[in-house]
Amino acid sequence: MHKKLFLPGPIEVREDVLKQQCRPLIGHRSTEFSEMYHRVVETLKELFNTSYHAFVFTSSATGVMEGFIRNFVKRRVLVMQNGSFAKRWVEACKLNGKEVFSYDIEWGKAVKPDMVREELRKKHYDAIIVVHNESSTGVLSPLKDIAEAVKDTSQDTLILVDAVTSMMGVPLEFESWGIDAVTASVQKAFGLPPGIAVAFVSHRAMEVSKGIEDKGLYFNFEEMVKYYEKRHQTPFTPNISLIYALDYQLQRIKKEGIENRYRRHEEMARLAQEWAIEYFSMFPEEGYWSKTITCVKNTRNIPVGKFLEELSKVGFVIANGYGPLKDKTFRIGHMGDITAEELKELLEVMTDILKKMGYIG
Ligand SMILES: Cc1ncc(COP(=O)(O)O)c(C=O)c1O
């Protein structure tokens, strides 16, 4: 039985999208590849209405995160830590030899512009890192206002953003907001299998990168730009099969219309939030609820593992809470190509199971 994935990623992928990966291979130095990669990069730029550099890396977003740290952080970096994924950025900065300060925020709360102002007034940082949609807590932070606060307080601080579970699901006007670098994995709101990640980088950040040493070999953005500008290729062998799927999926997204895609995600978030409020409560603070992942607070003290097992038996997969939030919360991923109708079906099944388990009347 196929089990439908309502995870915070990987997410359900449409069969026609999956099938693109079965097409015969082409060489990554061929004209056919160059044409496809050019189309992919230009379509990404078109969808986000941006003049920034666009990149596709063969790795998940964590690789690109390290790339951001190596290429765009001179020395001192501030990470706004409001969840497990933000914490991972702190670790990655340390492991890559940067001087990192973690601004600790209670998990479940959003990053607020005033927090950023407060810290940037105290000390100068070469870069700040913010997770747009913290998948462990289901919090969507107000990125536009955060970026505004950074620019007001410290103009030369680069703004690096993890939009892993927001890009393609919620509006992200990174160029007009003044974000310098942003990355996302494709197994989330892009609706693709895992294995590649997308990034956009400002011209200002590319200039900064020129003065930074020890950028490493694989995630070297200057090299990526050189190869793209020369022949619309990548320095190393990319996952061609997944790029077929990305190429196809970007055209599907264009057809749907990105604004319609955002509206669909809004509607799904509303449905999941209403369900959470009816039977439990929302974990994150009000006003900052994610549009792609609903993090439900386990107010009825249900055995989350058992509940997930029962759901899986009838063909649906959702996620337990992440890290320290395991069993205290559970999470429903509603992004990518999932429809409101499919989500409604999941929510009905969840209600039925909880009734059978005797947790709701
Ligand atoms: C907010 C956030 N950042 C980073 C990551 C890491 O992404 P990946 O596993 O694709 O490297 C994830 C994965 O779920 C995430 O949700």
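Residues numbered from 1 in each chain as written. Predicted model: local features only at pLDDT ≥ 70, side-chain atom pairs only at ≥ 80, totals over all residues. Heavy atoms only, no water.

A. Structural view of the site of the ligand. Taken together, 14 residues form the shell around the ligand, and within it Ser 60, Thr 62, Ser 135, Asp 162 and Ser 185 come nearest. At 2.5 Å, a side-chain N or O of Ser 60 approaches an oxygen atom of the ligand. Taken by itself the ligand offers 390 Å² of open surface, and the protein chains cover 88% of this. Contributions of two or more residues to the shell around the ligand are made by helix H3 (61-72) and helix H4 (84-95). (Near = heavy atom within 4 Å. Polar contact = N/O pair within 3.5 Å; in protein donor to acceptor, adjacent residues only side chain to side chain. Areas by Shrake-Rupley, 256 points an atom, 1.4 Å probe, with all protein chains shown as cover. Helix = DSSP H or I, 4+ residues; strand = E, 2+ residues; numbered from the N terminus.)

B. Summary view of the domain arrangement of the protein chain. Once the domains are mapped, the protein chain shows domain 1 (4-10 + 257-356) and domain 2 (15-255). On a C-alpha basis, the centroid separation for the pair domain 1 and domain 2 is 26 Å. Tallying the contact residues gives 25 residues for domain 1 and 35 residues for domain 2. Carbon and sulfur atoms make up 58% of the surface buried where domain 1 meets domain 2, a total of about 2400 Å² over both sides. (Domains from an automatic or database assignment. Contact = heavy atoms within 4.5 Å. Buried area = accessible area lost by both parts, 1.4 Å probe.)

C. Here's a closer look at the pairing of strand E5 (residues 127-131). With 5 of its 5 residues buried, E5 lies for the most part within the structure. Burial of the side chains of E5 extends over both faces: Ala 127, Ile 129 and Val 131 are buried on one face and Ile 128 and Val 130 on the other. Two strands pair when backbone bridges link them, and strand E3 (residues 76-81) and E5 are joined in this way by 3 bridges, in the parallel orientation. Of the residues in E5, the one forming a bridge with Val 79 is Ile 129. Alignment of E5 against strand E8 (residues 158-162), held across 5 bridges, turns out to be parallel. (Buried < 20%, exposed > 50% of the residue type's maximum accessible area, 1.4 Å probe, protein only. Pairing = 2+ DSSP bridges.)

D. Layout of the sheet that holds E5. Read across the sheet, 7 strands follow the order E2-E10-E9-E8-E5-E3-E4 without closing on themselves; strand pairing throughout is mixed. Whereas interior strands pair on both sides, the edge strands pair on one side only; in this sheet they are strand E2 (53-57) and strand E4 (99-104). Direction aside, the axes of adjacent strands within the sheet are offset by 20° on average. Lying on the sheet, H3 is in contact with E2, E5, E8, strand E9 (181-185) and strand E10 (197-201); it crosses E9 at an angle near 165°. (Axes fitted to C-alpha atoms, helices over the stretch in contact; angles between N-to-C directions.)

E. Layout of the side chain of Ser 166. Relative to the helices and strands, Ser 166 resides in the loop between E8 and helix H7 (174-177). A residue is classified by how much of its surface remains accessible, and Ser 166, at 0% relative accessible area, is buried.

F. Broad picture of H3. Between its first and last C-alpha atoms H3 spans 16 Å; for 12 residues at 1.5 Å apiece the expected length is 16 Å, and the two agree. Along H3, the residues that are buried comprise Ala 61, Gly 63, Val 64, Met 65, Gly 67, Phe 68, Ile 69, Asn 71 and Phe 72. (Expected span 1.5 Å × (residues − 1).)

G. Quick peek at the packing of aromatic side chains. Following the criterion strictly, the structure yields 23 aromatic pairs and no others. Ring centres of Phe 55 and Phe 57 lie 6.1 Å apart, and the angle between their planes is 20°; on these two criteria the pair is classed as stacked. Per residue, the accessibility class of Phe 55 equals that of Phe 57, and both read buried. Relative to Tyr 125, the ring of Phe 101 has its centre 6.5 Å away and its plane inclined at 40°; by these criteria the two rings are tilted. Of this pair, Phe 101 sits in strand E4 while Tyr 125 sits in the loop between helix H5 (113-122) and E5, and the two are 24 residues apart along the sequence. Tyr 125 gets classed as buried once you look at its relative accessible area, which sits at 0%. Of note, Arg 23 hangs over the ring of Tyr 244, and the distance from its end group to the ring centre comes to 4.0 Å. (Phe/Tyr/Trp six-rings, centres within 6.5 Å; stacked < 30°, edge-to-face > 60°. Lys NZ or Arg CZ within 6 Å of the ring centre and 35° of its normal.)

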